[in-house]
Amino acid sequence: MDDPKKKGSRVIGGIIIVLIVLFLVIDFILRRSTEFSPTNVTDILLVLLQIIVLLLALILLFVLGRNLIKLTLERKHKVAGSHFKTKLVSFFTALSFIPTLLLFVFTSRLISRNIEQYFKPDLTRILDDAKIIADGFYVTTSDLTLHYATQLSKEIKRLNLVTPENRARLEDFIRNKLTEYRLDEIGIFLEEEELFAYYNPNLPFQDYQELKASTIKLAHLGEPVNDIRSMGAGEFVRRGVSINIPAIGNVLVTTGKFLPQNYAQKINALSAFVQRYRQRGQKDMFKTLYLMTLIFVTLLIVFAATWIGFHIAKSITVPIEKLVKATKAVSKGDLTVRVEDPASDEIGLLIESFNQMISDVDQGQRGIAQKTAEQEARKQYIETILNTINTGVIALDARGSITTINPSAQDMLALPDKAVAGRHYKDVLSLDRYKDFVKGIDAAMKNRSKLTDKEIRFSLNGQQTTIALTLTPLRQPGQEFSGLIVVLDDLSQLIKAQKIAAWKEVAQRVAHEIKNPLTPIQLNAERILKNLKKAEGGGSDVVEQGARVIIQEAQTIKSLVDEFSDFARLPKINLQPAGIHDIIGQVVTMFRGIFADVEFQVLPSPDVPAVLPLDTEQMKRVFINLIDNAIDAMNKKGKIVIQTSFDREAHQVKIDLTDTGPGIQIEDKDKLFLPHFSTKKKGTGLGLAIVNQIVKEHNGSVRVQNNRPSGAKFTLQLPA
């Protein structure tokens, strides 16, 4: 079914169209009439025009009033877009009404003035027209009178009527022509003497004037008579022509016509006045017709402009109102709302963009919800792992505040306060027993460098606990420092087990190493006893030789004991600013003077800082052990290359020491830094263990790998 609002609009539009057609038809009928006549038909048509205009005005007022009331109610109820619609309607109404009203006032006054002017007699024009008509009438009468005079003179001459014997015939001829030509005078002059003249008896003879003698003389000389004189209430026009008749002389024939003054003018003026007077009654009809037409057009213009204003305002505010409602729905969380509007202009583009935006937001929210759920599940998974593993994990942000800490870390550190998240690590680790932890974290936060497996011993509940501290910096995708991961491993039980296993190995090795010299000592001692019992003369040589063996093997046992003593009594690291390149140079110089067949190549990097926190004597011991092992592996002949580099992001100095020896067996790599392991025939296995211990004390690391094409490569990493 049709919408009642649309149906009502169609009915009103149809009525307006019918009224416009009727108005145009009636106006056409009235304008096609050549003149208005005060008849009942004309009056009825004018009344119909007035009724049509009145009906149109009422319809327009009804339509506009209904829309204005509706607009007022919308503003009162604060409907979205009502204020903007009011501005548009007011603008279009003012834009059309003000100029149209001014035009209506000006045009109505102009029409009234022109109609008044039309019906007002123009005396000046009447006088001018009368003068023109009078002049034309005089000219016509004068020419006609001259024509008659010429015709009479020709007939008189042809019939020879001037002779004395024909005078009677001449008089009869003149008398007849006076009647025939409807003239008022015909005169015959012979030379200067008037023979006779015939007149219209109705002439005002009291004002009659004779023809002047001078005029007659001029006529005989060839100039036609043209004499116009006042006569009573009119004028007398006299024309004449002179002819020469042989044996008689010059004969002048004159004709005259009396013209009553302003006769034709008065008739025409009276006719015009009568005509104007008859039409004065239609002046109001003229005014009514034109004013009705003007009012009709004015109403149509105002209505059209206001209607257009309502339509444009509606086409703009209705989509805006829908957008506002949709926006409110979206603000409440409803992302399924869509704006349906058939607009195809910029408003339509705005609606399409809004719908697309809501669709994108809906999809984005779903994606965010899905990712949030995934992140929450991953978070729960990570939290479960952190809460389950035995390794302690602490996460710090760039300012040093604790963001995450798992139960294992709290148990390892025996933190008195469990609520430590959000607090600075220095506040949490403020007790004196945590000073080594704070010192390591401070260095890592300052240098933003990595620290691996730093062993820290501290007393906890009366027991010594060993914790392996590993620090790893966190970086954003743009390599910006964002925090630190602190990993704690409780090595107490592991160290105990390793100590037991290590001492077992040490005991076995010491027993083996001591057993080797004890056998020759025992044999030589027994040999000395036998020789002493025999008391032979050569016994002194045997005793001397056995004593030397005993002394030599005892020295071997002493050296073994000294090595283990040194390993057990490594001095505490004393870090001071020192140059790593200077230390390497001093050690290499010392070896160059001893081993002529070994080539040394040092490649220092200019990027390495000039000074580092180092223990110079201990670092010399590191490089001495490494170079000594390399020389033994190459059988004291080959090439050793020492190269340094600097990692700015990790703030670490790397030293690579490579040789051209046989390299390291794969199965030996894991045991290379253990105290009891050695690939040398007479080695104690403590050299690389000492290297590893010193590097760790410097918060660094050491690793080994085979060099290509041959040899071994030891890599040291020290914090800068």
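Criteria and cut-off values
Residues numbered from 1 in each chain as written. Predicted model: local features only at pLDDT ≥ 70, side-chain atom pairs only at ≥ 80, totals over all residues. Heavy atoms only, no water. Phe/Tyr/Trp six-rings, centres within 6.5 Å; stacked < 30°, edge-to-face > 60°. Buried < 20%, exposed > 50% of the residue type's maximum accessible area, 1.4 Å probe, protein only. Core = buried A, V, L, I, M, F, W, Y, C linked by side-chain atoms within 4.5 Å. Helix = DSSP H or I, 4+ residues; strand = E, 2+ residues; numbered from the N terminus. Contact = heavy atoms within 4.5 Å. Pairing = 2+ DSSP bridges. Axes fitted to C-alpha atoms, helices over the stretch in contact; angles between N-to-C directions. Salt bridge = Lys/Arg side-chain N within 4 Å of Asp/Glu carboxyl O. Patch = residues over 30% accessible without salt bridge, like charges linked within 9 Å, V, L, I, M, F, W, Y side chains within 5 Å. Areas by Shrake-Rupley, 256 points an atom, 1.4 Å probe, with all protein chains shown as cover. pLDDT = per-residue confidence, 0-100. Parallel < 35°, antiparallel > 145°, perpendicular 65-115°, else oblique. Left-handed = near helix turned anticlockwise from the far one by under 90°. Nonpolar A, V, L, I, M, F, W, Y, C, P; charged D, E, K, R; others polar. Arc of directions from axis to C-beta.

K.L.:
Is there a simple way to explain the packing of aromatic side chains in this structure?
P.N.:
Centre distance and the angle of the planes are the two values used to describe a pair of aromatic rings. Scanning all chains against the criterion turns up eight aromatic pairs. Note on Tyr-199 and Tyr-208: the rings are 5.2 Å apart at their centroids and 80° apart in plane angle, and the pair reads as edge-to-face. The interplanar angle of 55° and the centroid separation of 6.5 Å between the aromatic rings of Phe-205 and Tyr-208 together place this pair among those described as tilted. According to the relative accessible area criterion, Phe-205 is partly exposed, its value standing at 37%.

K.L.:
It is not clear to me how the nonpolar core should be interpreted in this structure. Could you clarify?
P.N.:
What tends to happen in soluble globular proteins is that the nonpolar side chains get buried as a cluster. The biggest cluster of nonpolar side chains holds 41 residues, and the ones touching the most others in it are Ile-580, Met-619, Ile-627, Ile-640 and Ile-655. With seven residues, the top contributor of residues to this core is helix 16 (residues 616-633). In this structure Met-619 touches Ile-580, Ile-583, Leu-614, Ile-694, His-698, Leu-716 and Leu-718, once residues within four positions along its chain are discounted. Grouped together as the second largest cluster of nonpolar side chains are 29 residues, Ala-409, Leu-429, Ile-441 and Ile-467 included.

K.L.:
Would you explain the sheet that holds strand 15 (residues 652-658) in this entry?
P.N.:
For sheets, the rule is that strands pair by backbone hydrogen bonds, running either parallel or antiparallel. In spatial order, the strands read 12-14-15-17-16; together these five strands make up an open sheet with mixed pairing. Each edge of the sheet is formed by a strand with only one pairing partner; in this case those strands are strand 12 (598-603) and strand 16 (701-706). Taking each pair of neighbouring strands and ignoring which way they run, the sheet shows an average axis angle of 15°. Inspection of the sheet shows strand 12 paired to strand 14 (residues 638-647) by six bridges, in the parallel sense. Note on strand 14: the bridge partner recorded for Val-598 is Gly-638. Here helix 16 sits on the sheet and contacts strand 12, strand 14, strand 15 and strand 17 (712-719); the angle it forms with strand 17, its principal contact strand, is near 170°.

K.L.:
Is there a simple way to explain the side chain of Thr-658 in this structure?
P.N.:
Tracing the backbone through its elements, the reader meets Thr-658 in strand 15. Residue Thr-658 is classed as buried on the basis of its relative accessible area of 13%.

K.L.:
What is the right way to look at the pattern of salt bridges in this model?
P.N.:
Close approach of charged atoms lets side chains of opposite charge pair. Within the structure shown, the criterion is met by twelve salt bridges. The partner of Lys-177 in a salt bridge is Glu-180, with the nearest N and O atoms 3.0 Å apart. Of the two residues, Lys-177 and Glu-180 are both situated in helix 5 (residues 167-180); the distance of three residues between them amounts to about one turn of the helix. Linking Asp-397 and Arg-399 is a salt bridge whose minimum nitrogen-to-oxygen distance equals 3.8 Å. Each of the salt bridges in this network shares a partner with another, and the network as a whole consists of Glu-185, Asp-227, Arg-229 and Arg-238.

K.L.:
Where do I start with a nonpolar patch on the surface in this structure?
P.N.:
Taken together, the side chains of Ile-44, Val-47, Leu-48, Ile-51, Leu-54, Leu-55, Leu-58 and Leu-61 define a hydrophobic patch exposed on the protein surface, amounting to about 720 Å² of accessible area. Tracing the backbone through its elements, the reader meets Leu-54 in helix 2 (residues 40-76).

K.L.:
Got a minute to help me understand the confidence of the model for the protein in this structure?
P.N.:
Any residue range with low pLDDT should be treated as having predicted coordinates unsuitable for detailed reading. When pLDDT is averaged along the protein, the result is 76; 72% of the residues meet or exceed 70. In the model, residues 34-38 has pLDDT below 50 throughout and makes twelve contacts with residues more than four positions away in sequence or in other chains.

K.L.:
What is the right way to look at the sheet that holds strand 1 (residues 185-190) in this model?
P.N.:
Strand order in the open sheet formed by five strands is 2-1-5-4-3, with antiparallel pairing between adjacent strands. Every other strand in the sheet has two partners, leaving strand 2 (193-199) and strand 3 (225-231) as the edge strands with one partner each. Taking each pair of neighbouring strands and ignoring which way they run, the sheet shows an average axis angle of 20°. Taken strand by strand, helix 5 contacts strand 1 and strand 2, and its axis lies near 40° from that of strand 2. Together, strand 1, strand 3, strand 4 (234-245) and strand 5 (249-260) form the strand contacts of helix 6 (residues 213-220), whose direction differs from that of strand 5 by roughly 125°.

K.L.:
For this particular structure, what's the right way to read the packing of helix 15 (residues 580-592) against helix 16?
P.N.:
In a packed pair of helices, the relevant descriptors are the angle between the two axes and the axis-to-axis distance. Orientation of helix 15 relative to helix 16, taken along the N-to-C sense of each, is 45°, at an axis distance of 10 Å. For the element pair helix 15 / helix 16, the angle class is oblique. In the crossing of helix 15 with helix 16, the sense of the turn from one axis to the other is right-handed. Across the interface between the two elements, Ile-580, Ile-583, Ile-584, Gln-586, Val-587, Val-588, Met-590 and Phe-591 from helix 15 touch Thr-616, Met-619, Lys-620, Phe-623, Ile-624, Ile-627, Asp-628 and Ile-631 from helix 16. Tallied by class, the residues present in the contact of helix 15 with helix 16 amount to twelve nonpolar, two polar and two charged.

K.L.:
Mind showing me how you'd approach unusual backbone geometry here?
P.N.:
Residues apart from glycine generally show negative phi values, whereas peptide bonds are mostly found in trans. Backbone torsion omega between Arg-708 and Pro-709 reads 5°, so that peptide bond is classified as cis. By the secondary structure assignment, Pro-709 is in the loop between strand 16 and strand 17. Not every positive phi belongs to a glycine, and Glu-191 is a case in point at roughly 55°. Locating Glu-191 in the fold gives a position in the loop between strand 1 and strand 2. By relative accessible area, which is 34% here, Glu-191 ends up partly exposed.

K.L.:
Can you help me understand helix 6 in this one?
P.N.:
Each turn of an α-helix holds 3.6 residues, which means side chains three or four residues apart point in the same direction. Within helix 6 the residues assigned to the buried category are Thr-215, Ile-216, Ala-219 and His-220. All buried residues of helix 6 fall inside an arc of 140° around its axis, so they share one side. Elements in contact with the buried residues of helix 6: strand 1, strand 3, strand 4 and strand 5. Taken from the residues just after helix 6, Gly-222 is the one with a positive phi, measuring 115°.

K.L.:
Sorry, what's going on with the packing of helix 16 against helix 17 (residues 687-697) here?
P.N.:
At a minimum axis separation of 9 Å, helix 16 and helix 17 run at an interaxial angle of 145°. Here helix 16 runs over helix 17; the crossing is left-handed. Along the contact surface, helix 16 presents Gln-618, Met-619, Arg-621, Val-622, Asn-625, Leu-626 and Asn-629, while helix 17 presents Gly-687, Leu-688, Ile-690, Val-691, Ile-694 and Val-695. Of the residues in the contact of helix 16 with helix 17, the class split is eight nonpolar, four polar and one charged.

K.L.:
What is the right way to look at the side chain of Ser-408 in this model?
P.N.:
Relative to the helices and strands, Ser-408 resides in helix 10 (residues 407-413). Overall, Ser-408 belongs to the buried group, its relative accessible area being 12%. Sequence-distant contacts of Ser-408, defined by excluding residues within four places in its chain, comprise Ile-389, Asn-390, Thr-391 and Gly-392.

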